[in-house]
Amino acid sequence: MSAPRVIQSQPLTRAAFAPFGDVIETNGAASFPINAGRTERFHALAAVETLGEDADAIISIFRGQPLEPLLIDLMERHPKGSQAFMPIGNEPYWVVVAPPGEFDPARVQVFYAKPGQGVNYHAGTWHAPLLPVNRDADFLVVDRRGPGDNCDTVDLAPPVRPE
Ligand SMILES: NC(=O)N[C@@H](O)C(=O)O
Ligand code: NI
């Protein structure tokens, strides 16, 4: 395997992540009271895309493992639907993305997602598969179920090492 390309991570913010999808967090989000004021609703932080006939949205739990050695050599995209990851515990994770369209390795960016921060990849956004930083971690995942192939992959060479 060729020498890795180290990419410095950046904080996950709505503005920086906008070309790739949505950040699902309460920080900086509007809310309104419901349930007679006993609950705050942080409404519509992201929308679910399920393109094509007979497609629907499903909710799963992914138990992800860190990658050792931390070398990302594959990226994927889901052209027919969005994919959201919300950490269930308190573990940070790497978010490695590139804009939709033809994959351009020069446009790969790395975000460091803190506990409490979820992401919703828009349909077609290139991303590395789920990648906790330190230890196994569970995530609530909302994505598309439906006909047709919804996962394109591309090799990443040289591999990327987030930092
Ligand atoms: N394959 C699968 O369901 N998971 C990936 O899409 C991922 O982004 O982790
Ligand atoms: Ni995915």
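As the structure is a computational prediction, the values presented were derived from the model and not from experiment.

> Help me understand a nonpolar patch on the surface, please; the structure alone is not making it clear to me.
Together, Ile 59, Ile 61, Ile 88 and Leu 140 give the surface a local cluster of nonpolar side chains, amounting to about 400 Å² of exposed area. Taking relative accessible area as the criterion, Ile 88 reaches 48% and is therefore assigned partly exposed.

> Looking at this structure, how should I read the coordination of the nickel ion (ligand 2)?
Between any two of four tetrahedral donors, the ideal angle at the metal is 109.5 degrees; between two of six octahedral donors, it is 90 or 180 degrees. Distances from the nickel ion (ligand 2) to its protein donors, namely Glu 76 (OE), His 78 (NE2), Gln 83 (OE1) and His 127 (NE2), fall within the range 2.0 to 2.2 Å. Here the nickel ion (ligand 2) binds 6 donor atoms, and the angle range of 69 to 170° at the metal identifies the geometry as octahedral.

> Sorry, what's going on with the pattern of salt bridges here?
Pairing of side chains with opposite charge becomes possible as their charged atoms draw close. Following the criterion strictly, the structure yields 4 salt bridges and no others. Asp 152 is the salt-bridge partner of Arg 77, the closest N and O atoms lying 2.9 Å from each other. Taken together, the residues Arg 77 in strand 7 (residues 72-77) and Asp 152 in strand 15 (residues 152-162) connect sequence positions 75 residues apart. For Arg 77, a relative accessible area of 23% translates into the label partly exposed. The partly exposed category is assigned to Asp 152, whose relative accessible area is 22%. Residue Glu 91 is joined to Arg 135 by a salt bridge in which the shortest nitrogen-to-oxygen separation is 2.8 Å.

> I would appreciate a short explanation of the site of ligand 1 in the present structure.
All residues in the neighbourhood of ligand 1 are listed as Phe 62, Glu 76, His 78, Gln 83, Phe 85, His 127, Pro 129 and Leu 130. Side-chain polar atom of Glu 76 to an oxygen atom of ligand 1: 2.4 Å apart, as the coordinates give it. Between His 78 and ligand 1, the recorded distance is 2.9 Å, taken from a side-chain N or O atom to an oxygen atom. Its residues assigned to classes, the shell around ligand 1 comprises 4 nonpolar, 3 polar and 1 charged.

> Whenever I open this one, the environment of Gly 148 confuses me. Can you help?
Examined against the element boundaries, Gly 148 turns out to sit in the loop between strand 14 (137-145) and strand 15. Since its relative accessible area comes to 56%, Gly 148 is described here as exposed. Residues Gly 148 and Gly 52, spaced 96 residues apart in sequence, show a C-alpha to C-alpha distance of 8.8 Å.

> Would you take a moment to explain the sheet that holds strand 8 (residues 83-87) for this structure?
Neighbouring strands of a sheet are bound in pairs by backbone hydrogen bonds; such pairs are parallel or else antiparallel. An order of 3-11-8-14-6 is seen for the 5 strands of this open sheet, with the pairing classed as antiparallel. Whereas interior strands pair on both sides, the edge strands pair on one side only; in this sheet they are strand 3 (21-24) and strand 6 (56-64). Sheet twist, expressed as the mean angle between neighbouring strand axes with direction ignored, is 20°. For strand 8 and strand 14, the ladder comprises 5 bridges, and the chain directions are antiparallel. Across the sheet, Pro 87 pairs through a bridge with Phe 139, a residue of strand 14.

> What exactly am I supposed to notice about unusual backbone geometry here?
Excluding glycine, residues mostly have negative phi values, and the peptide bonds linking residues are mostly trans. Residue Pro 69 is reached from Glu 68 by a cis peptide bond, and omega for that bond is 0°. The topology assignment puts Pro 69 in the loop between strand 6 and strand 7. In this chain, Ala 157 is followed by Pro 158 through a cis amide linkage whose omega measures 0°. Structurally, Pro 158 is set in strand 15. Of note in this structure, Ala 44 is not a glycine but carries a positive phi near 50°. Turning to its location among the elements, Ala 44 is positioned in the loop between strand 5 (39-41) and strand 6. Since its relative accessible area comes to 56%, Ala 44 is described here as exposed.

Quick notes on the rules
Residues numbered from 1 in each chain as written. Chains lettered and ligands numbered in written order. Predicted model: local features only at pLDDT ≥ 70, side-chain atom pairs only at ≥ 80, totals over all residues. Heavy atoms only, no water. Patch = residues over 30% accessible without salt bridge, like charges linked within 9 Å, V, L, I, M, F, W, Y side chains within 5 Å. Areas by Shrake-Rupley, 256 points an atom, 1.4 Å probe, with all protein chains shown as cover. Salt bridge = Lys/Arg side-chain N within 4 Å of Asp/Glu carboxyl O. Buried < 20%, exposed > 50% of the residue type's maximum accessible area, 1.4 Å probe, protein only. Donors = N, O, S within 2.8 Å, 3.2 Å for Na, K, Ca; no water. Tetrahedral: all angles 85-135°; square planar, octahedral: opposite > 155°, others 65-115°. Helix = DSSP H or I, 4+ residues; strand = E, 2+ residues; numbered from the N terminus. Near = heavy atom within 4 Å. Polar contact = N/O pair within 3.5 Å; in protein donor to acceptor, adjacent residues only side chain to side chain. Nonpolar A, V, L, I, M, F, W, Y, C, P; charged D, E, K, R; others polar. Pairing = 2+ DSSP bridges. Axes fitted to C-alpha atoms, helices over the stretch in contact; angles between N-to-C directions.

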